Amino acid sequence: MSEKDTATDKILTDAMANPSPAKSIGDPGITPLSPSHIQQNDSDQVQSGPSFVVVVAIDFGTTSSGYAYAFTKEPECIHTMRRWEGGDPGVSNQKTPTTILLTPDRKFHSFGYAARDFYHDLDPSESKQWLYLEKFKMKLHTTPNLSINTDLHAANGKRVKALDIFAYALAFFKEQALKELSDQTGGDFDNNDVRWVITVPAIWKMPAKQFMREAAYKSGLVSRETPEQLIIALEPEAASIYCRKLRLHQMVDLGTSTTQNGFNSNDNAGSGVSQASPAKEHVRRNRQSRTFLVENVIGELWSELEEGDRYVVVDCGGGTVDLTVHQIRLPEGHLKELYKASGGPYGSIGIDYEFEKLLSRIFGQDFIDQFKIKRPAAWVDLMIAFESRKRAAAPDRTNPLNINLPFSFIDYYKKFRGHSVEHALRKSNVDFVKWSSQGMLRMSPDAMNSLFKPTIDHIIQHLTELFEKPEVCDIKFLFLVGGFAESPLLQQAVQNMLQGRCRIIIPHDVGLTILKGAVLFGLDPSVIKVRRSPLTYGVGVLNRFVEGKHPPEKLLVKDGTRWCTDVFDTFIAADQSVALGELVKRSYTPAKPSQQVIVIHIYCSEKESVSFISEPGVRKCGTLRLDVSGTESTAQRREIQTLMQFGDTEIRAMAVDVSTGRTVKAGIDFLSH
């Protein structure tokens, strides 16, 4: 065996050897036979999984979370979860805060209001030992190299594994939902009868979506053996599905000042007068009943839409804002995604950060940092007080907003600085925040509105850019959903930006829109027929070397044959439309007939066109290993078929040895590479 051959075999065994000229970093194992692309017929796509008795959707939000469910026998009744313990003044609690508390020895203690209240009542010396986390979901969006080992920081500064925290939270929801289902049905409800749906932002990258699935496996929500029991739903898609069912009395149409449901839609700008906005009135009427009837018809609004009509869903949550553009496909009213999901970390927690910056300007960054560590429970209190005032902000408000400062803030500041909070406010150059004699921060409406400005500006800038895209012309409706959509300041900004270009629709109970849509999605996942691929996918192959066309450093000579290595064979390109369940099939043959194991590496990139796997931005995201040892192929060239199935929120891959029928499947793994 020549030295060249041993080198080649070395590369064969170590598919990711170091890049050097003529010694590829790639996969010298396979070479293309013929490309073929099959699009499955709709009839083949019915998911032949076990039939579930109930669908439970979990909306795992940045600021608040909850679940809802529907029995498959009565899909028109969506039940939202039981009333939670606890609650805040000025905040309606159909969901529970996304807060979690672990004991000093890192065992799960409680979730939601219970976690917050317990933590709050701990003695300060004790609370330093407990691990309290809130608003941790954003970490999945902001961590560049997310992995199974990514850490989170608790309020006391200690690190915990993100996967454990997410798994604890999902296990909590599993327990709550199964308890409620058992009470409803009068017996122990079996988890195998549940199809679970977890919602994630559409702009999340693939690793974050996979992370949620890993957390679900770890929590015991579903097992790896039955992955189809869990569906990962995209938040704006869920909202879109729910909006199709809206009747006129279930929403506010901002574009018209007509009276709906007996009130004028302009009333819901909360002016200084204490008046319940229409959405709040509706919530009150529905408070007793937690069951929403979704009529088995298309809502009136939807019936105005014709084949090909386009609409935008703007999902404004606590952490992110997600924008999706959908088009109607009649007769069934299926949805087609027209433009890949966009948005960013412009959720309502941005306003909390602005408030924190304001406090740092007045009292000093050093004090705020210390206060958060030394008096973490009081800091939580302060943010709760701010939250209810934040919800009272409105464009035409004239009277000031008062925010209670916890006693320990006032006390600790005096110890820390040697002078009073009042002195600090007088001395600071922040003139629109005053000290009121009742021990409160008094903010002028302008001061509060200025805290909203950076976040709302980001959203408006993003919407403006989206509406300039050619795919986003002739939009009929804009649905504003998610908890932040309740903000009159945001509503007004969106109205001003659109200048009547399309109608703005806000569903009632806007914070529950995604939850209800996620249940509907779980009942019929095939309703979204066409998505846009967020990435380009392909495999690494060898092609015959062509002088002048291929770069010389990619030349590899093997058994007298000249190969070009590291070639990226594209399966699907970024932003290409993908039908649900669409299969892309390619046939390959081993470059060396005597190969015992055929390794196919799958790569992805955010770029639309990729020629070589060695290009910057291309990353390995999956591996198929097909053992062909001990089997002889009669064919002159052994055919290995590789199939990739797209269109779901996850992607599946499979390789088949055509002569023996041996197959190997792989999930695409975005976390470990």
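Remember, it's a predicted structure, so these values are computed and weren't measured experimentally.

What counts and how
- Residues numbered from 1 in each chain as written.
- Predicted model: local features only at pLDDT ≥ 70, side-chain atom pairs only at ≥ 80, totals over all residues.
- Heavy atoms only, no water.
- Helix = DSSP H or I, 4+ residues; strand = E, 2+ residues; numbered from the N terminus.
- Buried < 20%, exposed > 50% of the residue type's maximum accessible area, 1.4 Å probe, protein only.
- Contact = heavy atoms within 4.5 Å.
- Areas by Shrake-Rupley, 256 points an atom, 1.4 Å probe, with all protein chains shown as cover.
- Salt bridge = Lys/Arg side-chain N within 4 Å of Asp/Glu carboxyl O.
- Phe/Tyr/Trp six-rings, centres within 6.5 Å; stacked < 30°, edge-to-face > 60°.
- Pairing = 2+ DSSP bridges.
- Axes fitted to C-alpha atoms, helices over the stretch in contact; angles between N-to-C directions.
- Parallel < 35°, antiparallel > 145°, perpendicular 65-115°, else oblique.
- Left-handed = near helix turned anticlockwise from the far one by under 90°.
- Nonpolar A, V, L, I, M, F, W, Y, C, P; charged D, E, K, R; others polar.
- Expected span 1.5 Å × (residues − 1).
- Arc of directions from axis to C-beta.
- Core = buried A, V, L, I, M, F, W, Y, C linked by side-chain atoms within 4.5 Å.
- Polar contact = N/O pair within 3.5 Å; in protein donor to acceptor, adjacent residues only side chain to side chain.

Visitor: Quick one: what's the story with the overall build of the chain, residue by residue and with numbers?
Guide: Counting secondary structure elements, the chain contains 17 helices and 35 strands. Residue burial in the chain is summarised as follows: out of 673 residues, 56% are buried. Sequence-distant contacts, at least 24 apart, represent 71% of the contacts inside the chain between residues at least 6 apart. Carbon and sulfur atoms make up 49% of the accessible area of the chain, which amounts to about 28,400 Å² in all.

Visitor: With reference to specific residues and values, describe unusual backbone geometry.
Guide: Here the phi dihedral of Gln499 falls at roughly 50 degrees; this positive angle occurs in a residue that is not glycine. You can see Gln499 is positioned in the loop between α16 (488–498) and β24 (503–507). Even without being glycine, Asp566 reaches a positive phi, approximately 65 degrees. Along the polypeptide, Asp566 turns up in strand β28 (residues 561–572).

Visitor: Explain the pattern of salt bridges to me, and be specific about the residues and the numbers.
Guide: Should their charged atoms come close, side chains of opposite charge can pair. Counted by the stated rule, this structure contains 26 salt bridges. Where Asp59 meets Lys95, a salt bridge forms, and the shortest distance between an N and an O atom there is 3.0 Å. One end of the pair, Asp59, is in strand β2 (residues 54–60); the other, Lys95, is in the loop between β4 (77–80) and β5 (96–97), with 36 residues separating them in the sequence. By relative accessible area, which is 5% here, Asp59 ends up buried. Relative accessible area serves as the criterion here: at 15%, Lys95 is assigned to the buried category. Arg391 is paired through a salt bridge with Glu387; the nearest N and O atoms lie 2.9 Å apart. Take Arg391: its relative accessible area is 39%, and that puts it in the partly exposed class. Through salt bridges with shared partners, a single network forms among Lys135, Asp352, Glu387, Lys390, Arg391 and Glu486.

Visitor: Explain the packing of aromatic side chains residue by residue, including any values.
Guide: A complete count under the given rule lists 28 aromatic pairs for this structure. Look at Phe108 and Phe172: their rings are 6.2 Å apart centre to centre, the planes differ by 45 degrees, and that puts the pair in the tilted class. Of this pair, Phe108 sits in strand β7 (residues 108–111) while Phe172 sits in helix α5 (residues 162–185); the two residues are 64 residues apart in sequence, bridging distant segments of the chain. Taking the relative accessible area as the measure of exposure, Phe108 reaches 28% and is therefore partly exposed. Relative accessible area serves as the criterion here: at 8%, Phe172 is assigned to the buried category. Each residue in the set Phe363, Phe367, Phe371, Phe409, Tyr412, Tyr413 and Phe416 is aromatic and connected to the rest through ring pairs, giving one cluster.

Visitor: Hey, could you go over the sheet that holds strand β17 (residues 310–316) for me, with residue numbers and the actual values?
Guide: Read from one edge to the other, the open sheet built from eight strands follows the order β13-β24-β23-β17-β18-β19-β25-β29, with strand pairing classed as mixed. If you trace the sheet from one side to the other, it starts and ends with β13 (251–253) and β29 (577–579), each paired once. Strand after strand, the sheet turns through a mean of 25 degrees between neighbouring axes, direction not considered. Inspection of the sheet shows β13 paired to β24 by three bridges, in the antiparallel sense.

Visitor: Give a description of the pairing of strand β31 (residues 597–605) that names residues and reports values.
Guide: The buried fraction of β31 amounts to eight of the nine residues, a majority that puts the element mostly inside the structure. Note: strand β26 (residues 536–544) against β31, four bridges, orientation antiparallel. When the sheet's bridge partners are listed, Thr536 is paired in β31 with Ser605.

Visitor: An account of the packing of helix α10 (residues 349–363) against helix α15 (residues 445–467) is requested, with residue identities and associated values reported.
Guide: The contact between α10 and α15 brings their axes to 8 Å, and the two run at 135 degrees. In terms of their interaxial angle, α10 and α15 are classed as oblique. You can see that α10 and α15 cross each other, and the crossing is right-handed. Contacts between α10 and α15 involve Gly350, Ile351, Glu354, Phe355 and Leu358 from the first element and Leu451, Phe452, Pro454 and Thr455 from the second. Split by residue class, the contact of α10 with α15 holds six nonpolar, two polar and one charged.

Visitor: Any chance you could break down α5 for me, citing the residues and the numbers?
Guide: Under the 1.5 Å per step criterion, the end-to-end length of α5 is 35 Å for 24 residues, consistent within 8% with the ideal 34 Å. Two residues or fewer past α5, Gly186 is found with a positive phi of approximately 75 degrees.

Visitor: Before we move on, could you go through helix α11 (residues 365–374) and cite the residues and values that matter?
Guide: Where α11 is concerned, the buried positions are Phe367, Ile368 and Phe371. One side of α11 carries all its buried residues, which in axial view fall inside an arc of 95 degrees. Contact partners of the buried residues in α11: α10, α12 (376–390) and α13 (407–417).

Visitor: Which residues make up the pairing of strand β25 (residues 528–532), and what values do they have?
Guide: Remark: a regular strand shows side chains that alternate across the two faces of the sheet. With five of five residues buried, β25 is to be regarded as a mostly interior element. Summarising the sheet, strand β19 (residues 334–344) and β25 pair through two bridges and their orientation is parallel. If you follow Leu335 over to β25, its bridge partner there is Ile528. Inspection of the sheet shows β25 paired to β29 by three bridges, in the antiparallel sense.

Visitor: How would you summarise the nonpolar core if you had to cite specific residues and measurements?
Guide: One finds Phe355, Phe363, Leu478 and Phe479 to be the most contacted residues of the largest nonpolar core, which totals 101 residues. Take this core: its biggest share by element is ten residues, from α15. Those residues in contact with Phe355 that sit more than four places away from it in its chain are Leu382, Met383, Phe386, Ile403, Met443 and Leu451. Of all hydrophobic cores here, the second largest spans 49 residues; its members include Ala177, Val194, Ala216 and Ile232.

Visitor: Summarise the environment of Asn191; cite the residues concerned and give the values.
Guide: Residue placement: Asn191 occurs in the loop between α5 and β11 (194–200). Between the C-alpha atom of Asn191 and that of Val54, which follows or precedes it by 137 residues, the distance is 9.7 Å. One polar contact links the side chain of Asn191 to the main-chain carbonyl oxygen of Leu221, over a distance of 2.9 Å.

Visitor: Explain the packing of α5 against helix α6 (residues 206–219) to me, and be specific about the residues and the numbers.
Guide: Taken N-terminus to C-terminus, the directions of α5 and α6 make an angle of 65 degrees; their axes are 8 Å apart at the nearest point. Between α5 and α6 lies a crossing of right-handed hand. Packed against α5, whose contacting residues are Ala162, Leu163, Asp164, Phe166, Ala167, Leu170 and Ala171, the element α6 presents Phe211, Met212, Glu214, Ala215, Ala216, Lys218 and Ser219 at the interface. When grouped by side-chain class, the residues that make up the contact of α5 with α6 number ten nonpolar, one polar and three charged.

Any functional reading would require information that these geometric values do not contain.
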